[in-house]
Amino acid sequence: TIAETKMIGNVLEIANVKNTSNHPAIFPEQLANDHIISWSNENDIVYDCFAGSGTTAKMTILNNRNWIASEISSEYCDIIKERVKIDKGLFENVS
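Okay, so let's go over this structure. (Residues numbered from 1 in each chain as written. Predicted model: local features only at pLDDT ≥ 70, side-chain atom pairs only at ≥ 80, totals over all residues. Heavy atoms only, no water.)

Details of the pattern of salt bridges
A side chain with one charge may pair with a side chain of the opposite charge, provided their charged atoms come close.
Part 1: Applying the stated criterion to the full structure yields two salt bridges.
Part 2: A salt bridge links Lys 58 to Glu 29; the nearest nitrogen and oxygen atoms lie 2.5 Å apart. Pair noted here: Lys 58 is in helix α2 (residues 55-62) and Glu 29 is in helix α1 (residues 29-39), with a separation of 29 residues, a long-range link.
Part 3: Residue classification places Glu 29 among the partly exposed positions, given a relative accessible area of 30%.
Part 4: Of the charged contacts in the structure, one is a salt bridge between Arg 83 and Glu 29, with a shortest N-O distance of 2.8 Å. Here Arg 83 is found in helix α3 (residues 74-88), whereas its partner Glu 29 is found in helix α1, with 54 residues between them in sequence. (Salt bridge = Lys/Arg side-chain N within 4 Å of Asp/Glu carboxyl O. Helix = DSSP H or I, 4+ residues; strand = E, 2+ residues; numbered from the N terminus. Buried < 20%, exposed > 50% of the residue type's maximum accessible area, 1.4 Å probe, protein only.)

Following this line, the structure appears as structure tokens:
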């Protein structure tokens, strides 16, 4: 079960994200991180149906969760692959 100690308040103060990718709207890592650790346990699977730039994928990896993502844009899929490769060394053999 998810420990109550992981619950956060309902008003969040999160700094703006500096966008260094080709995605127009990067999701703040802290926001994804806070929700991942609040609503899942280690080794759970987190699904992101609008993967965008891969923020959720990155934060699930860093928090010892597994991830599944859907993204319609092949350009954004390339961004996700690159972010995850940099952060965890995955997708090394993907062209």
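From this point on, the discussion continues.
So, the pairing of strand β1 (residues 45-48)
Part 1: Here β1 shows a buried face lined by Val 46 and Asp 48 and an unburied face lined by Ile 45 and Tyr 47.
Part 2: Note that β1 and strand β2 (residues 66-69) share four bridges and pair parallel. Bridged to Val 46 within β2 is Trp 67.
Part 3: A crossover connection joins β1 to the parallel β2 through α2; in handedness this β-α-β unit is right-handed. (Pairing = 2+ DSSP bridges. Right-handed = clockwise from strand over helix to strand, strands pointing away.)

Remarks on α1
Given 3.6 residues per helical turn, the α-helix brings residues three or four places apart onto the same face.
Part 1: Of all the residues in α1, the buried ones are Leu 31, Ala 32, Asn 33, Asp 34, Ile 36 and Ser 38.
Part 2: Buried residues along α1 sit against α2. (Contact = heavy atoms within 4.5 Å.)

Structural notes on the nonpolar core
Part 1: Of all hydrophobic cores here, the largest spans five residues; its members are Ala 51, Ala 57, Ile 61, Ile 80 and Val 84.
Part 2: Broken down by secondary-structure element, the contributors of at least two residues to this core are α2 and α3. (Core = buried A, V, L, I, M, F, W, Y, C linked by side-chain atoms within 4.5 Å.)

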